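Okay, here's what each chain looks like letter by letter:
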Amino acid sequence: MGSNSSRIGDLPKNEYLKKLSGTESISENDPFWNQLLSFSFPAPTSSSELKLLEEATISVCRSLVENNPRTGNLGALIKVFLSRTKELKLSAECQNHIFIWQTHNALFIICCLLKVFICQMSEEELQLHFTYEEKSPGNYSSDSEDLLEELLCCLMQLITDIPLLDITYEISVEAISTMVVFLSCQLFHKEVLRQSISHKYLMRGPCLPYTSKLVKTLLYNFIRQEKPPPPGAHVFPQQSDGGGLLYGLASGVATGLWTVFTLGGVGSKAAASPELSSPLANQSLLLLLVLANLTDASDAPNPYRQAIMSFKNTQDSSPFPSSIPHAFQINFNSLYTALCEQQTSDQATLLLYTLLHQNSNIRTYMLARTDMENLVLPILEILYHVEERNSHHVYMALIILLILTEDDGFNRSIHEVILKNITWYSERVLTEISLGSLLILVVIRTIQYNMTRTRDKYLHTNCLAALANMSAQFRSLHQYAAQRIISLFSLLSKKHNKVLEQATQSLRGSLSSNDVPLPDYAQDLNVIEEVIRMMLEIINSCLTNSLHHNPNLVYALLYKRDLFEQFRTHPSFQDIMQNIDLVISFFSSRLLQAGAELSVERVLEIIKQGVVALPKDRLKLVILPPL
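Residues numbered from 1 in each chain as written. Predicted model: local features only at pLDDT ≥ 70, side-chain atom pairs only at ≥ 80, totals over all residues. Heavy atoms only, no water.

Visitor: For this particular structure, what's the right way to read the overall build of the protein chain?
Guide: For the protein chain, the count of helices and strands is 29 helices and 6 strands. Residue pairs at least 24 apart in sequence account for 73% of intrachain contacts in the protein chain once pairs closer than 6 positions are excluded. (Helix = DSSP H or I, 4+ residues; strand = E, 2+ residues; numbered from the N terminus. Contact = heavy atoms within 4.5 Å.)

Below, the structure is given as structure tokens:
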């Protein structure tokens, strides 16, 4: 590339790239490397420009793939980079911009080449290209060293040990990005890898001792959200917002990995990428997630997952058990704040899920927070804007709610948090509502959206499971939340009647024509009845456990009492209808005694008085089955 700025269109003719990929071996001490690495490159800012870069360099890459086994030039380039990184810390302290710039450029080229090599060849071939062999004349033995392992260890050292300054920001991002690209091998294999080179190098050998330090550094990079240095802080021109060329390369790779790890395959709707204020934080998070989701090796568990599962709060002075490897401590308050602020990105939501699910220390800490609304509100916003989110972001948000609602303390406390003016909730002006009632509203809205659009049974079941977890602890439900619970039941009831009518008509039609295949209305009916039963169990659980706290739900029940008539004698619902029928009958008779033309306030007053008079032993305690 040379000392002049390069344009994408000039790359195929670049004399330095031609020499690198040619048939001539270049010694690692050759002055050529200083010339090659003295370039500034305008970073692509879109996927189309990235594609142009790959197309422009394809001839160079092909030549290198063909000639490198004989020339060893890739190995020489890596050795140049490795030798430079030994002085990187000192260069940062001495503000040696030129040295850091050239070292950054060496890593830039290595990462671009690594991406091409991983895409085009097997792991065995890849390792051969990274195996450096030096032979002296007349000596048929060879001293072989694995440069790929050395490179990975060097990258880990760079990420964890080099101080983060304006002049080292870019090379820190590129080091993390290179590791993401290295881990992209899984993208090119249909089967789950358990014996890959990532397992060989990252789960044993000289890289293993860096496990906890790397995970801790990546977490702190995410927490701190350090922005790129301002223009003028670089010797080389400031890259576009987004962190440079390799940021774009590795982000594309990581997005594919993210889809594989969360959904088991590629094909989900891609999320719109928001403008990133901190490329370092974003790339650190992507690398952390990829490391955490690596499969266990055949003979050893994933050490990065072990580190994520076991780290503790800096405020926790208790010793780590000797049985826990790769343990470390981190500031939970800072981590909690960062997680609350970053939930607009699906990778931050996945990190939150991973920590809640796998790290009991984090889960206990979060559930004990007195400001849970800071975490729950961003999750509810994800579900509220379900049509704008990709499916795995919605699923992660919903599963996070499921985990939280498994805790009775959480289910009680969310009804004590009063929120003012929820501006993003547009169906109705909510000037004052509890966090618990808002959660119910958003989950019900998600169910209704799913019924009319995606019709995903998995989403249905998990939404209802979250409501079921909360139902025994419903407190002082907002009147609108109570109305929406009954409205959802009304919608399900209408759907049930419609499918039942279609099934009856279809059965009559089949008597006259035996050749026409019938739709499977029985299966549809079974699914709807299963959902209706879940809704009845949720209502029943609330009435049984907290009737005296929820006059608005009783009011909504009485207002729509006719809805429940058809289910009183239905064999699938008779048992669960007993309590609901009792409550409706008891309060209906009290309203009848009070006379006609009652105001809303008067009806609520009668309900509150009736709650005291209703003998608790008349309501049969129902334990909800696990969903």
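Visitor: Explanation requested: the environment of Tyr 521 in the structure shown.
Guide: Looking at the secondary structure, you find Tyr 521 in helix H25 (residues 521-546). Aside from chain neighbours lying at most four places away, what touches Tyr 521 is Val 499, Gln 502, Ala 503 and Ser 506.

Visitor: Would you take a moment to explain the packing of aromatic side chains for this structure?
Guide: Centre distance and the angle of the planes are the two values used to describe a pair of aromatic rings. Per the counting criterion, the structure on display carries 16 aromatic pairs. Both rings, one in Tyr 384 and one in Tyr 425, keep their centres 5.1 Å apart while their planes meet at 40 degrees; by these two values the pair is tilted. Taken as a pair, Tyr 384 in helix H19 (residues 373-384) and Tyr 425 in the loop between strand E5 (418-420) and strand E6 (432-434) lie far apart in primary sequence, 41 residues in all. This pair shows no difference in class: Tyr 384 is buried, exactly as Tyr 425 is. Aromatic side chains Tyr 395 and Tyr 458 sit 5.1 Å apart centroid to centroid with 75 degrees between the ring planes, which places their arrangement in the edge-to-face category. Of the two residues, Tyr 395 sits in helix H20 (residues 391-405) while Tyr 458 sits in helix H23 (residues 457-471), which places them 63 residues apart along the sequence. Taken together, the ring pairs connect Phe 311, Phe 328, Phe 332, Tyr 336 and Tyr 365 into an aromatic cluster. Sitting above the plane of the Phe 320 ring, Lys 312 keeps its charged end 4.2 Å from the centroid. (Phe/Tyr/Trp six-rings, centres within 6.5 Å; stacked < 30°, edge-to-face > 60°. Buried < 20%, exposed > 50% of the residue type's maximum accessible area, 1.4 Å probe, protein only. Lys NZ or Arg CZ within 6 Å of the ring centre and 35° of its normal.)

Visitor: In this structure, what is going on with unusual backbone geometry? I would like to understand it.
Guide: Trans peptide bonds make up most of the peptide bonds, and negative phi angles are found at most residues other than glycine. In this structure, Gln 225 is a non-glycine residue whose phi angle is positive, near 50 degrees. Tracing the sequence through the fold places Gln 225 in the loop between helix H12 (211-224) and helix H13 (245-263). A positive phi angle, near 50 degrees, is found at Asn 421, a position not held by glycine. Along the chain, Asn 421 falls in the loop between E5 and E6.

Visitor: Looking at this structure, how should I read the side chain of Asn 302?
Guide: Topologically, Asn 302 is positioned in the loop between helix H14 (279-292) and helix H15 (303-310). Looking at Asn 302, its side chain comes within polar contact range of the main-chain oxygen of Leu 291, at 2.8 Å. At a separation of 2.9 Å, a polar atom in the side chain of Asn 302 contacts the main-chain amide nitrogen of Tyr 304. With residues up to four places along the chain from it excluded, the contact list for Asn 302 reads Met 203, Leu 291, Ala 292, Asn 293, Leu 294 and Asp 296. (Polar contact = N/O pair within 3.5 Å; in protein donor to acceptor, adjacent residues only side chain to side chain.)

Visitor: Can you walk me through the nonpolar core in this structure?
Guide: A general trend in soluble globular proteins is that nonpolar side chains are found buried together. Counting 204 residues, the largest nonpolar core has Phe 81, Tyr 425, Leu 438, Ile 485 and Phe 564 as the members making the most contacts within it. Once you skip the residues sitting within four places of it in the chain, Phe 564 turns out to touch Ile 486, Phe 489, Leu 536, Ile 539, Leu 557, Met 577, Ile 580 and Ile 584. (Core = buried A, V, L, I, M, F, W, Y, C linked by side-chain atoms within 4.5 Å.)

Visitor: Got a minute to help me understand the packing of helix H28 (residues 574-594) against helix H29 (residues 600-613) in this structure?
Guide: Two numbers describe a pair of packed helices, the interaxial angle and the distance between the axes. Direction vectors running N to C along H28 and H29 enclose 125 degrees, while the axes themselves pass 10 Å from each other. Taken together, the axes of H28 and H29 lie oblique to each other. Regarding H28 and H29, the two cross each other, and that crossing is right-handed. Of the residues in H29, those touching H28 at Phe 586, Phe 587, Arg 590, Leu 591 and Ala 594 are Val 603, Ile 606, Ile 607, Gln 609, Gly 610, Val 611 and Ala 613. Here the residues of the contact of H28 with H29 are counted per class, giving 9 nonpolar, 2 polar and 1 charged. (Axes fitted to C-alpha atoms, helices over the stretch in contact; angles between N-to-C directions. Parallel < 35°, antiparallel > 145°, perpendicular 65-115°, else oblique. Left-handed = near helix turned anticlockwise from the far one by under 90°. Nonpolar A, V, L, I, M, F, W, Y, C, P; charged D, E, K, R; others polar.)

Visitor: What should I look at first to understand the pattern of salt bridges in this one?
Guide: Opposite charge on two side chains makes pairing possible when the charged atoms of those side chains draw close. Tallied over the full model, the rule gives 12 salt bridges. One salt bridge connects Lys 312 with Asp 316, and the closest N-O pair in it is separated by 3.9 Å. Accessibility expressed as a relative area gives 26% for Asp 316, which makes it partly exposed. Among the charged side chains, a network of salt bridges with common partners joins Arg 533, Glu 537 and Asp 575. (Salt bridge = Lys/Arg side-chain N within 4 Å of Asp/Glu carboxyl O.)

Visitor: Where do I start with the environment of Leu 355 in this structure?
Guide: Summarising the element assignment, Leu 355 is placed in helix H17 (residues 346-358). The residues touching Leu 355, leaving out its near neighbours within four places in the chain, are Ile 308, Phe 311, Leu 335, Leu 339 and Ile 362.

Visitor: Help me understand the confidence of the model for the protein chain in this model?
Guide: On average, residues of the protein chain carry a pLDDT of 84, and 85% of them reach 70 or more. Low pLDDT (under 50) marks residues 135-143, which in the prediction has 7 contacts with non-local residues, meaning those over four places away or in another chain. Below a pLDDT of 50 lies the segment residues 235-274, which in the model reaches 102 contacts outside its immediate sequence neighbourhood of four places, other chains included. (pLDDT = per-residue confidence, 0-100.)

Visitor: Whenever I open this one, helix H9 (residues 147-161) confuses me. Can you help?
Guide: Residues spaced three or four apart along an α-helix face the same direction, because each turn holds 3.6 residues. Taking 1.5 Å per residue, 15 residues should reach 21 Å; H9 reaches 20 Å between its end C-alpha atoms and fits that length. Counted residue by residue, H9 has 11 buried out of 15 residues, so it is predominantly covered. Along H9, the positions that sit buried rather than exposed are Leu 147, Leu 148, Leu 151, Leu 152, Cys 153, Cys 154, Leu 155, Met 156, Leu 158, Ile 159 and Thr 160. With a side-chain oxygen lying 3.2 Å from the backbone nitrogen of Leu 148, the N-terminal cap of H9 falls on Asp 146. (Expected span 1.5 Å × (residues − 1).)

Visitor: Explain the packing of H19 against H20 to me, please; I cannot follow it from the model alone.
Guide: Closest axis-to-axis distance for the H19/H20 pair is 9 Å, and the angle between their directions is 135 degrees. Here H19 is positioned oblique relative to H20, judged by the angle of their axes. Of the two possible hands of crossing, H19 and H20 adopt the one that is left-handed. Contacts from Val 376, Ile 379, Leu 380, Ile 382 and Leu 383 in H19 reach His 393, Val 394, Ala 397, Leu 398, Ile 400, Leu 401 and Leu 404 in H20. Across the contact of H19 with H20, the residue classes break down as 11 nonpolar, 1 polar and no charged.

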